[in-house]
Each structure stands twice: as structure tokens, then as C-alpha cells.
Amino acid sequence: MSKSKLWNVVGTSVHKVDGAALAAGAPLFVDDELPRDLLFAAVKWSPHAHARITSMDTSRAEAMDGVHVVLTYKNVPRVMRTTAGQGHPEPSPYDFTTLDSKVRHVGDRVAAVAAETPALARAAVEAIEVEYELLEPVLEIRSALEKGAPVIHDELDAAMPIVAPYEPGRNLAAHVAVAVGDPPAALSKAHQRVTAEYECHYAQHCPMEPHIAVAAPDGYGRLIIRTSTQVPFHVRRIVAQACQIPVRDIRVIKPRIGGGFGAKQEVLIEDLVALLALRSGRPVKLEYTRAEEFTSARTRHPAVVTVDLGLSAEGDVEGMDMKVLLNTGAYGSHALTVGCNCGSKVLPLYKCDHVGFALDSVYTNLPVGGAYRGYGATQAAFAMECAMDEAAAKLGMDPVELRQRNTIGPGDSSPIFKALGEGTEGVEQAIGSCGLAECIARGAQAMDWSAKRQRRDEGRLRRGVGMCTLMQGSSIPEVDLGAASIKLNEDGSFNLLVGATDLGTGSDTVMAQIAAEVLGVTPDRILVLSSDTDVTPFDVGAYASSTTYLSGMAAKKAAAGARRQILEVAARLLDVPAGDLSLAEGMVKGGPRPLSLADVALSSLYAEHQHQVQSVASHVTQKSPPPFSAHFAEVEVDTATGMVRVLKYVAAVDCGTAINPLLAEGQVEGAVLNGIGYALTEEYLFDRRGKMRNPTFKHYKVLCTADLPELVTILVPSYEATGPFGAKSVSEIGINGPLPAINNAIFHATGARLRRSPFTPERVLAALE
């Protein structure tokens, strides 16, 4: 049940704090505020998927007038690390260094330059002469672990910083194997068994703003980095590591960001601009082109997922096993944690005492996987939810009924929560809030499910409906930290400083609403400053669906600390107990006379007992409450051409209390459209040497508003007691539904089951045949 009626600000769709400025085109982004005397960087990329550099001549580039710095593996520190922006020590292999004598994918770094103009920087890159010893590449995920396969990471200093299996000599970046109960026995005894393999593909995040960073020496011996990042504090730490300088000598500022979706959880370019600025003594800017974003940034990990389900005659899930083969590409950033999420964010959805999970994350000489919205759950939900649809068909049961019979509910738990943390020791937890049953019921009603399931088309155009159920998580419990500070100003306004990173999601607005609710003011009285490592408190950044649930609780606690201090000052001024007073409408209520927050501020700053009313708070979560969702898709399949058109899509979501319902709906709708594009049109095409053939929006189709089907979003209220005002996450879960829901709808329409994405006309026709 929603408690929003109890609140004044929470549960209200207030305007975004940056909305007017963004709409007016205010200069808020990295590229809008460039320092004087700026140099421009360019990178020389490998044309080969797997090669060793045998010689490099930079003399022509260095001789060019206006070229200030040329970096190669010969003149930069060799510091092994990961580019993954994760908590320290990162659960990703230390298999990357700024520049190396070996290249491992087309688009890997070879050299970098800084010059007076972008054109000159590009010309200098072209002038660098490189000779390579070509090595046999690994271009197929299934061949990576074969005996005799080329070894991609044969360097002796590659290592795993945490205790976890890591065998680069076998191209194995991560391995996990867990079992609860006796899955083989349960599966062998089951009345009905489904074993299914599904394969999902590469995709790029495609933020409107590509990776961009500017590093500038400040005149005091420090380096200021303005960068489009999701993880400013991780950037500071990893750049210090790469450049071998103290953390105190670096300040990282995150301005507005033109999209992230996980791509900017990676520390990809900040080390280069930092080194170039330190060597030149001048500010340096590096911005990826769109082609570079495709080939040299990060991607969704392709995966082959095999699901084995055993069910009783009545439809109860009695045994489950999932095996994941994950393609991490040339480097292992997020190889372990994305793979773990395949299990931890999917397997607990169904009540079962016998569960097995195994993961092999393997290196290939293809683009590098990374964090991408959904983070492993997307790949695994595709396989699991299609396998559940197959099971329903074998049992002669409605897919909705099968989900209703088996999905987890309030008070339930799963041994997988404990067995699979995100690369660390998992946390035991029981489900608190869960509106999944209502999501299924309301979603089915909105789709007119029962009536449309009865339809059977026989002509060229065939319509069908499919569905799936989903869960995700909220933060990484007992690992990640969020913090906030707040202070009272003379006019009764507040400065709220948060390390949390607003990617355009509206998290600054949500933080303001949470603080405003505690302090009894309107959100416009909360002045939010986020993500400046010199000014704001620490926060891990925007990932793991943590901002509202984790950082929001830090903001709530900080605001509560300021509230206590305000009431203490007011109690002295009014000569009444602080417990008799409250805050509402910007006033102190309950005393013998009205008292404004401005009165309190002026007294505390200028009169008796002078002090600054301020509070700092930190928060570490103890659990990761899942948001839940049910998705329904209606499609029309042209059996002559194989074209699939989504006619209607329904997403019913339980995200606890929606702090700002309109922003929550926007997150769901954006994720769904992102997922539909992933299911139908987005695909990397490679030549036989591992080079991407379509690194442009002309040939890599990203859906836009013109492609939208009828889209219905239903926010199902619940109350998560461990979240701020009952909130949990919402931003990622929506992307996980389109792959299975659309595939299941295609099956209902045509009887053809696709086992590899995306569902292009060619693949649909092949399945029909």
C-alpha cells in the first residue's frame, strides 16, 4: 500500500531541478566550459584484433609544429589495473594498462597525442608508424576455452585483486559454480523438463554525448578533471593509480551528462587526458567520435545462457540450473560481476529448493564488455523467461498462471541471495516489499491478455502476445557507500551536497525531494550540488540501481540531522521543549509564535550559541530489495518478410514508493524502448578479422520516438521499509523485459521460437522455415 498521502513532497511529480536550464540550452556540459590554451587529444587505434607491436616510430609526429606530447607504451607507467569503476578492491581483473606493446581488439589503444588543434592531433596520430606481428585471434565465444586456443592475456602481471578464480592462460576471466540442494536429482525426477539455450548479442549504450573529458593543471600542482562520468570518486582513485600521483592532487568534477546507461561507469579516457596534461602543462580535451564509442568504449556482454527447468505436473518449479558463457571481450572489466548478476537477479524470482548456477566469463579479441543497464539480468532473463514460456506450452498452462504459481512473494527468500553476491560474499535476505502479483494482474488486464491469447491468425500477418516477469536489485549491500551533507542558509534555504551522480535520470531532483520532505520545505528551497570530489561527500556513483535507495537514504539521514539542530535552536528561542515542535511549510510549528527557518538561521549564525546548522550522514545498505515487474508485448509478424512490429507494450512495475512518479515512468519507458531496440534492431556486425562493419547510426539502428509502440506504464505501489520513504530502484529493470516478452509473443503468433537475438527479419524467416 502506498503511503504517499502522508507526504507533501514525496510521491509528487515536481519539475526537475535542472529542467529549465536544460530546456533553454544552458552551458552545463563538459564541452560547454573549456579552459584557455586548450590542447586536443587523439588516439591511435589498433587495426588488428590480436597483434604484438614490434616497432613504433613517433619521430614524424613529434616533429610536427604544434604537437606537444606523444604517449606510447615506452614512456608511460605500466600500472596494471581495471577500467571498471567499482569499489576498491575492484572485483575485476587487473589486466589493463594505459598503453601496451600488445593489442587485443580492433580499436585497442596504440598511442595518444596532444596538439594545438583537433586536425593536427589526428594528423599526428596518422604519422605514427607502427609495425605489428599478427597473432591468431579468438573471435567466437565458444572457442575461447578450447585447448590450444590463442592466449589473449599472456602477460605475467595480469592478476585478480580479490580472491576469485582467474586463469588468463585459459582465456578465463572469471568462474563461479554454486549449487543449493540437489539440482541434478530434482531435474531428473521432474514430470516435465525443459532444457533450452539462448544467445544474446553485443550492443552499445549509445549515449547522445560520447565520452569526453578535460584535464587541466590548476597552478597549485593539482589536476582538475571535468568529465562525463557516472563514478567521479572512482575516476579520481583510478587516475591517481594510473599516473602514480597522490589522490589529493586530483579533483574530479562531473557536470551535466548526456546519457550514461553504464557506459560511463568505466574510467576510459581520463587517464590519457591526465597524463597528457601533466606532460604538457596545458589543459587537454579528449572526446570520442561515434565510431570510437562503438569500437573503443564498452558494450553489453554477449552471452550464451543454458537453462534447465524441472516442473511437476501441476506446474511447480522443482529444479533449476543455469549455465552462463559470457564474452567479456579483450579485457575483463565487470566479467565476474555481470556474470554473477545473471544468477542473482534472475534465479531467486522463482521459489525452488534445488538451484544450480555456473559461470565462465571468457576473453575474446572482440570489443570489451562493461556495465550496461540491466547488468547481466538482461541476458539471463531472456533465457529464463523464454524457458518458462516453453514450460508453460509443454504443460498446456497459461504463461501468466505459471508465473503466478511460482514467483517469489513477501517474506520469501532464496538461497541464491546468499550464494551469489556481486562478486563478493552475498547477503541473506527475505523479500520485504513485493507487488509482483499485482503487476501481473494489472499488466494482463491492460493487455487484454485472456482475449488475445485465444486469437489464432493464419494469414501472412500474424499477431501474438507474450509476457515475462522480472526482478532486479537496489544497491550492493554491505559494500557500497553513499553520503550527503546539508547546511542551512540565512534565508531558510539549504545547500545539499551529494556525491551521487545525476546522469539525466533526475536523481538531483529526487535527492531534493527527500530532503525537502524531512525539512518541511518545498524542493526549490533545496540547492543541490552533486559530484565534485573536492566539495561533495563520497559516493560510489550511479550504478547497481543504488542512487535513490542508497544515496537517497544518506540524504534523508543528513536532512534529519539538520532538522534536529533546527528544532534545538527553535526550542531555545521559543522556550519550549524541542519535542513539541515540528517543521512544515518552511516554518517551525507548535510554539507560542510563528518562527521561520530564516529566523532560526539568523539566530544560529549571528546571535546566541552561534554555530552553523549542518549535518553529514553516510549510509551503507544491508540488503538489496528487488523491484519487480511484469511485461506484456503484442506483436505483428509478417511471415513473408520476417518483419516484427511491436503493436503494444505494457510494463507494470513495483519500485516501492515512486519519489517522483513522472521521473519513474520516464525511467521505465526509456528502458523499455532501449530494450525493444536491443531485441529487434541493434546489432554489431563484424568482418572475418574482428572489425566492426557498422559503427554509425546509419547502419546501427537505435529506436527513437517515431518507433514507439503503444506503451503503457503502470506503477504498482508498495512500501520498502529499508528505503527512503519506502522507495527502491526503478531505472534498470525495464530493459530486461523486451527480449523475452517479444520472443514469447513471436512464438504465440507463429509457433516459431527464436534462440538468438536480435530478432531480425532474416532470423525470423529462418525460424519460420
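Our subject in this report is the structure included herewith. (Residues numbered from 1 in each chain as written. Predicted model: local features only at pLDDT ≥ 70, side-chain atom pairs only at ≥ 80, totals over all residues. Heavy atoms only, no water.)

**Concerning the sheet that holds strand S4 (residues 102-103)**
For step 1, the next point in the chain: Pairing is antiparallel in the open sheet, where 3 strands are placed in the order S4-S2-S6. The open sheet is flanked by S4 and strand S6 (129-134), the only strands paired with a single partner.
For step 2, the next point in the chain: Summarising the sheet, strand S2 (residues 51-57) and S6 pair through 6 bridges and their orientation is antiparallel. Residue pairing for S6: Ser55 is matched across the bridge by Glu131. (Pairing = 2+ DSSP bridges. Helix = DSSP H or I, 4+ residues; strand = E, 2+ residues; numbered from the N terminus.)

**Thoughts on the packing of aromatic side chains**
For step 1, the next point in the chain: For the structure shown, the criterion picks out 16 aromatic pairs.
For step 2, the next point in the chain: Members of the aromatic cluster, each reached through a chain of ring pairs, are Tyr202, Phe294, Tyr684, Phe686, Phe697 and Tyr700.
For step 3, the next point in the chain: Note that Arg753 overlies the ring of Phe747, its terminal NZ or CZ placed 4.2 Å from the centroid. (Phe/Tyr/Trp six-rings, centres within 6.5 Å; stacked < 30°, edge-to-face > 60°. Lys NZ or Arg CZ within 6 Å of the ring centre and 35° of its normal.)

**Topic: the sheet that holds strand S15 (residues 355-363)**
For step 1, the next point in the chain: Spatial ordering of the open sheet is given by S7-S15-S14-S13-S8, a layout of 5 strands whose pairing is mixed. In this open sheet, the two strands that pair with only one neighbour each are strand S7 (172-180) and strand S8 (192-200). Within this sheet the neighbouring strands show an average axis-to-axis angle of 5 degrees, counted without direction.
For step 2, the next point in the chain: As defined by bridge partners, strand S14 (residues 317-329) adjoins S15 across 9 bridges and the pair is classed as parallel. Paired with Leu325 across the strands is Asp360, a residue of S15.
For step 3, the next point in the chain: Relative to the sheet, helix H9 (residues 377-395) contacts S8, strand S13 (303-311) and S14, its axis offset from that of S8 by approximately 145 degrees. (Axes fitted to C-alpha atoms, helices over the stretch in contact; angles between N-to-C directions. Contact = heavy atoms within 4.5 Å.)

**Overview of the side chain of His201**
For step 1, the next point in the chain: Tracing the chain through its elements places His201 in the loop between S8 and strand S9 (212-217).
For step 2, the next point in the chain: Apart from residues no more than four positions distant in its own chain, His201 is found in contact with Arg300, Pro302, Tyr678, Glu682, Glu683, Ser757 and Pro758.

**Topic: the pattern of salt bridges**
For step 1, the next point in the chain: Tallied over the full model, the rule gives 46 salt bridges.
For step 2, the next point in the chain: Its salt-bridge partner being Glu140, residue Arg142 comes within 3.4 Å of it at the nearest N-O pair.
For step 3, the next point in the chain: On the accessibility criterion, Glu140 (33% relative accessible area) is partly exposed.
For step 4, the next point in the chain: Taken together, the shared-partner salt bridges in this structure form one network comprising Lys16, Asp18, Arg256, Asp502 and Asp508. (Salt bridge = Lys/Arg side-chain N within 4 Å of Asp/Glu carboxyl O. Buried < 20%, exposed > 50% of the residue type's maximum accessible area, 1.4 Å probe, protein only.)

Everything listed here is a matter of geometry and, on its own, says nothing about what the molecule does.
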